Amino acid sequence: MTVFHRLNIAAITRETPDAVAITLHVPEQLRSHYHYTPGQHLTLKALIDGQELRRCYSICSSPQDGVLQIGVKAIPEGRFSGFANTHLKSGDSIDVMVPQGQFGYLPRPGTRGNYLAVAAGSGITPLLSIITTTLQQEPESRFTLIYGNRTSRTVMFREALTDLKNRYAQRFQVLYLFSQENGDSPLLNGRIDSEHLVNIGRTLLDYSAFDRAFVCGPESMMDDVHTALEQAGMTADRIFTERFNTSAGGITASATERVATRFVLVQDGAEQEIEMSAEDDSILDAALRQGADLPYACKGGVCATCKCRVLAGEVEMGINYSLEPDQIEAGFILSCQSRPKGDGVVLDFDV
Ligand code: FES
């Protein structure tokens, strides 16, 4: 179900010239709706230039601290991120969906873990939440962060990371890489790519010693991290990635190859028949066009906010960066990335 609540903005902190941290005030009566686990994101909704836009942003705070905070970096041509960076101010209110997302880690007190985080730019946002919460709740665990940025001026959450280093000096270390600024070591000058990862693995870090790795950044960087870690002996099931921007294309069939059909969606226990035209890119688009109030955020196969379960019929899915193999096996699909393969499709959104 799509659940948005209007929340007040308690504070906006400028992190870098083009990024802010937004702290949201959750009133007592809504507290139970906004419980989150480290790594999850929030979807924000706003009317910008007459158009309703939704965007998801990762939570950077730790649930332990009783704070709900997201990081928003302005991206070129980014209407929502630009709006958040230049227009929003403390005291404003904004529509916020309840926390979503499967990326992350639930710390278990008593665990003695050795974890790696790799981030580029605003990819630090969910990782900061995971690192902070893990260091708080697993007193014997360690975290190493490799964090890439253009320059030291563009490092988001530098102060929060310094605080963590001071508080957990024996258990937390950060390697900063700068692509447009020379640091102390040539090893750390440049982007996080295969070459730098291999060199760091040879000289500074033993990747095989990490129990888990959490990665968030551009696709090419995440691919390079996967390769480097797997070559060092870490199995893929211990590497967890979060994508925000996708470069891939989406639904596979073009409009000319598609056939018009109908499907039934079940939401809040009620059935609604939806017509799917050849022009509709996805089940989600067809349903929204006909007035269904379905949950969605990224429309890019990343966030899984739009997921539903196929009860009958067959469905073709394009991009999927968020559903796990066992969820697909259980019949889950991303409605923003799927089209029915024929008549008789029934989809359950009450899942
Ligand atoms: S809306 Fe994000 S995966 Fe469909």
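Just above, that's the structure.
Quantities reported herein were computed from a predicted structural model and do not represent experimental measurements.

(A) Structural context of helix 2 (residues 124-137). Counted at 1.5 Å a residue, the expected span for helix 2 with its 14 residues is 20 Å, and the 20 Å between its end C-alpha atoms agrees. By the criterion of burial, helix 2 is predominantly enclosed, with 12 of the 14 residues buried. Among all positions of helix 2, only Ile124, Thr125, Pro126, Leu127, Leu128, Ser129, Ile130, Ile131, Thr132, Thr133, Thr134 and Leu135 are buried.

(B) The sheet that holds strand 2 (residues 19-25), seen in detail. One open sheet holds the six strands; their spatial order is 4-3-6-1-2-5, and the pairing between them is antiparallel. Single-partner strands in this sheet number two, and they are strand 4 (51-58) and strand 5 (68-73). Sheet twist, expressed as the mean angle between neighbouring strand axes with direction ignored, is 40 degrees. Bridge count for strand 3 (residues 41-48) against strand 6 (residues 93-97) is two bridges, and the pairing is antiparallel. For Leu44, the partnering residue across the bridge sits in strand 6 and is Val96.

(C) Geometry of the pattern of salt bridges. On inspection of all chains with the given rule, the structure shows 10 salt bridges. Arg112 is the partner of Glu140 in a salt bridge, and the nearest nitrogen-oxygen pair spans 3.7 Å. With Glu140 in the loop between helix 2 and strand 8 (142-149) and Arg112 in the loop between strand 6 and strand 7 (114-120), the pair connects residues that are 28 residues apart, well separated along the chain. Connected through shared salt-bridge partners, Arg262, Glu273 and Glu275 make up one network.

(D) Spatial organisation of the environment of Val351. Relative to the elements of secondary structure, Val351 occurs in the segment after strand 18 (345-348). Sequence separation of Val351 and Cys308 is 43 residues, and the distance between their C-alpha atoms is 6.5 Å.

Each value, and the rule that gives it
- Residues numbered from 1 in each chain as written.
- Predicted model: local features only at pLDDT ≥ 70, side-chain atom pairs only at ≥ 80, totals over all residues.
- Heavy atoms only, no water.
- Helix = DSSP H or I, 4+ residues; strand = E, 2+ residues; numbered from the N terminus.
- Expected span 1.5 Å × (residues − 1).
- Buried < 20%, exposed > 50% of the residue type's maximum accessible area, 1.4 Å probe, protein only.
- Pairing = 2+ DSSP bridges.
- Axes fitted to C-alpha atoms, helices over the stretch in contact; angles between N-to-C directions.
- Salt bridge = Lys/Arg side-chain N within 4 Å of Asp/Glu carboxyl O.

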